[in-house]
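# Remarks on the overall topology
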Amino acid sequence: MTIKEVEQQIVEEFSIFTDWMDKYEYLIELGKSLPIIKEGEKLEGNLIKGCQSRVWLNAEFKDGLIYFTADSDAIITKGIISLLVRVFSERTPAEIINADLNFIKEIGLQENLSPTRANGLLSMIKQIKIYAMAYSA
Amino acid sequence: MNKIADINQIRSLFPALEQSVNSKTLVYLDNGATAQKPKQVIDLVNMMNSGVNGNIHRAVHELSSKTTELYEDSREAIRQFINAAYREEIIFTSGTTASINLVAASYGGKYLRKGDSVLVSEAEHHSNIVPWQLICESKEANLRVLPVDENGNWRMDMLDNLLDRSVKIVSVSHVSNVLGLINPVEELIFKAHAKGIPVLIDGAQSIVHIETDVRKLDCDFYVFSGHKLYGPTGTGVLYGKREILDSMPPWMGGGDMVETVTFEKTTYAPLPLKFEAGTPNFIGAAAMLEAIRFVESIDKKFLENTERSIVEYMTEELLKIEGLRLYGMGESRISLFSFTVSGAHPSDLAMIMDKMGVALRSGQMCAEPLMKRYGVESMLRASFAAYNTIEEAKYFITSLKRAIKMLS
């Protein structure tokens, strides 16, 4: 599946939710099921510090693909991270660089990526793109 | 004039409270960060922006004299409000942060020497830590910390030892923006003065909840923000005893703060203008008068009773919640409550409760050292103002319980 197709799949999954409660409950569930980053990789260097919550992001490059694992101390943030990992992990650097992430807006979670939230998510996306650029060089 | 003693009448003065958020009636409990504005404040700002607008202290034209008069009337109202002795002891700033920076740079710049100390408490807002660190660094002075105990109360038993001859100024909050406890500032001021050390009181939170009399307190400086006291954003006050302010050099140079300027030597304007360089936020400062009029229009007993019942209800209900830890347990507190719930991240709780229409503060509260003291990364805070009702407190508790359940 392409990034676009995975994004479309997520949009469809979210389309069944009529109110925010269901949507948040689903994110909480996703957050709980996200395979967390290995303790040994929860390093200071992998930490993205927001005022609201902390996010850890680890990247590995193997056979032309980037593998991401991530974690957060806040569960809703973690739920959103799990969506981002699903979209971005096991992709080529070029795919990642070109992704536009419109699906976040479509599923109504745009506010969580606003710079004012300071929850580390925006910085996480930036970091993912930086990894992709570094590995494409 | 009859004082207002009816919560609905108070609420009707605040247009912001009528709005819905996420299709729920707004329950605004982030007053510790900033308060909503009553109509009379909004009206005065609009009136000035719509026409009564001329730069203050500068011109002879009608608009300039009108704005100057409004600005100076507000200064006088603030003087009376905090019972300062002289109008020139009231300096308009852009907020508490600017007020503290002014004192740190000007007073600290003049009086701190290598090896001297500045004493703050462990429960300070970053704005009462960092300005002192900046000046201490440049003067090779030290920042000393008065610790708080597990309940958030100042370790007064340690005060005598900390207040040695190296301390040149003490700067502490009357009420911490995290703990909500009313600190024993009178005792601290008395002890510091006994050793000849001046004291700055950060009143950002307390001015809204406690009647303030700077002469009775006998503090040397008292600082607060206008926007937390129902006034416009970008307004603040520095009160300082006249003889101390007189002895301090200007902090910022510019127009309005000078007497004569030549390239060789400039002499400065007398107080208060010495510290008000450039065009100040004169519309905001002028509208502070209306904010104070609003506060004074409310019956004091009514305010006290409402706040007491909110404090009693909130403390009791919060402590009933399993796994909840309330920070700041002491004899007297304002209606501001910071807490954590085990197993539920503050940011998650705040996000869910936002969807329920409840506006809260979550995060490090601009008090990272205090977060470290309690071994947490962040907290959740509910802070009340004069327009908040006991019904809102009840809605808050119900929403909190629901949010915790969602996360467990």
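Note that the structure is a prediction, hence the values are computed from the model and not measured. (Residues numbered from 1 in each chain as written. Chains lettered and ligands numbered in written order. Predicted model: local features only at pLDDT ≥ 70, side-chain atom pairs only at ≥ 80, totals over all residues. Heavy atoms only, no water.)

### Some words on the overall build of chain B
Counted only if it meets this: Only runs of H or I of at least four residues qualify as helices and only runs of E of at least two qualify as strands under DSSP, and these elements are numbered from the N terminus. The reference for a compact globule is 2.2 Å times residues^0.38; the radius of gyration itself is calculated from the C-alpha atoms. Only protein chains enter the accessibility calculation, which uses a 1.4 Å probe; a residue whose area is less than 20% of its type maximum is buried, one above 50% is exposed, and one in between is partly exposed. Note on contacts: a residue pair qualifies if any of its non-hydrogen atoms lie within 4.5 Å across the two residues. Under the convention used here, a 1.4 Å probe and the Shrake-Rupley method define accessible areas, while residue burial counts only the protein chains that appear.
Looking only at helices and strands, one finds 15 helices and 17 strands in chain B. By the compact-globule yardstick of 22 Å for 408 residues, chain B fits well, its C-alpha radius of gyration being 22 Å. Expressed along its principal axes, the backbone C-alpha trace of chain B runs to roughly 70 × 55 × 35 Å. Counting across all 408 residues of chain B, residues that qualify as buried make up 58%. Long-range contacts, defined as pairs at least 24 residues apart, comprise 70% of the intrachain contacts of chain B with a sequence gap of at least 6. For chain B, the accessible surface area stands at approximately 16,800 Å², while carbon and sulfur atoms represent 51% of it.

### Things to note about the packing of aromatic side chains
In plain terms, the rule: Two rings from Phe, Tyr or Trp (for Trp, the six-membered ring) form a pair when their centres sit within 6.5 Å of each other. Planes less than 30 degrees apart are called stacked, planes more than 60 degrees apart edge-to-face, and all others tilted.
For the structure on display, the rule yields 19 aromatic pairs over all chains. Ring centres 5.6 Å apart and planes at 85 degrees place the aromatic pair A:F14 and A:F17 in the edge-to-face group. Here A:F14 and A:F17 have matching classes, each one buried. Judged by centre distance (6.1 Å) and plane angle (85 degrees), the ring pair of B:F337 and B:F384 falls under edge-to-face.

### With respect to the environment of B:N101
Residues and elements named next belong to chain B. As for its placement among the helices and strands, N101 is situated in helix α4 (residues 96-111). Between the C-alpha atoms of N101 and E377, which are 276 residues apart in sequence, the distance is 27 Å. Excluding its chain neighbours within four sequence positions, the residues that come into contact with N101 are P131 and W251.

### A few points about the packing of helix α2 (residues 20-33) of chain A against helix α13 (residues 346-355) of chain B
Rules: Between N-to-C directions, angles span 0 to 180 degrees; the directions come from axes that are lines fitted to C-alpha atoms, helices contributing only their stretch in contact. To sort the angles, those under 35 degrees are grouped as roughly parallel, those over 145 as roughly antiparallel, those from 65 to 115 as roughly perpendicular, and the leftovers as oblique. Left-handed describes a crossing whose near helix is turned anticlockwise from the far helix by less than a right angle; the clockwise case is right-handed. All residues other than Ala, Val, Leu, Ile, Met, Phe, Trp, Tyr, Cys, Pro, Asp, Glu, Lys and Arg, Gly among them, are scored as polar; the first ten of these are nonpolar and the last four charged.
Close contact between α2(A) and α13(B) brings their axes to 10 Å; oriented N to C, the two are set at 165 degrees. Looking at the two axes, α2(A) sits roughly antiparallel to α13(B). Note that α2(A) runs across α13(B); the crossing there is right-handed. Counting all contacts with α2(A), which are made through A:W20, A:Y24 and A:I28, the residues of α13(B) involved are B:M351, B:I352 and B:K355. Class assignment for the residues of the contact of α2(A) with α13(B) results in 5 nonpolar, no polar and 1 charged.

### Brief notes about α4(B)
What counts is decided by this rule: In this scheme, a helix's expected span is set at 1.5 Å multiplied by one less than its residue total.
Helix length check: α4(B), at 16 residues, gives a terminal C-alpha distance of 21 Å against a target of 22 Å (1.5 Å per residue), a fit within 8%. If you check which residues of α4(B) are buried, you get B:T96, B:A98, B:S99, B:I100, B:L102, B:V103, B:A104, B:S106, B:Y107 and B:G108.

### Notes on the domain arrangement of chain B
Residue and element names in this part refer to chain B. Here is the rule: Boundary definitions for the domains trace back to an automatic or database domain assignment. What gets called buried area is simply the loss in accessible area from a 1.4 Å probe that two parts show on being joined, summed for both. We define a salt bridge as a contact between a side-chain nitrogen of Lys or Arg and a carboxyl oxygen of Asp or Glu at a distance within 4 Å. Between N or O atoms, a polar contact is any pair within 3.5 Å; within protein, one atom must be a potential hydrogen donor and the other a potential acceptor, and residues adjacent in sequence are included only when both atoms are from side chains.
Along its sequence, chain B is carved into domain 1 (7-30 + 299-407) and domain 2 (44-296). Placing the centre of domain 1 and that of domain 2 at their C-alpha centroids yields a distance of 28 Å. Contacts between the two partners involve 31 residues from domain 1, matched on the other side by 26 residues from domain 2. When domain 1 packs against domain 2, the two sides together hide about 2,400 Å² of surface, and 57% of this comes from carbon and sulfur. Taken as a group, I334, L370 and R373 account for 25% of the area that domain 1 buries against domain 2, more than any other trio of residues on that side. Seen at the junction of domain 1 and domain 2, the total is 3 salt bridges. The shortest N-O distance in the salt bridge between E150 and R373 comes to 3.0 Å. Where domain 1 packs against domain 2, one counts 19 residue pairs in polar contact (both at pLDDT 80 or more). Of all the elements, helix α14 (residues 368-373) adds the most residues to the side of domain 1 that touches domain 2, at 5 residues. Class assignment for the residues of the side of domain 1 that touches domain 2 results in 19 nonpolar, 5 polar and 7 charged.

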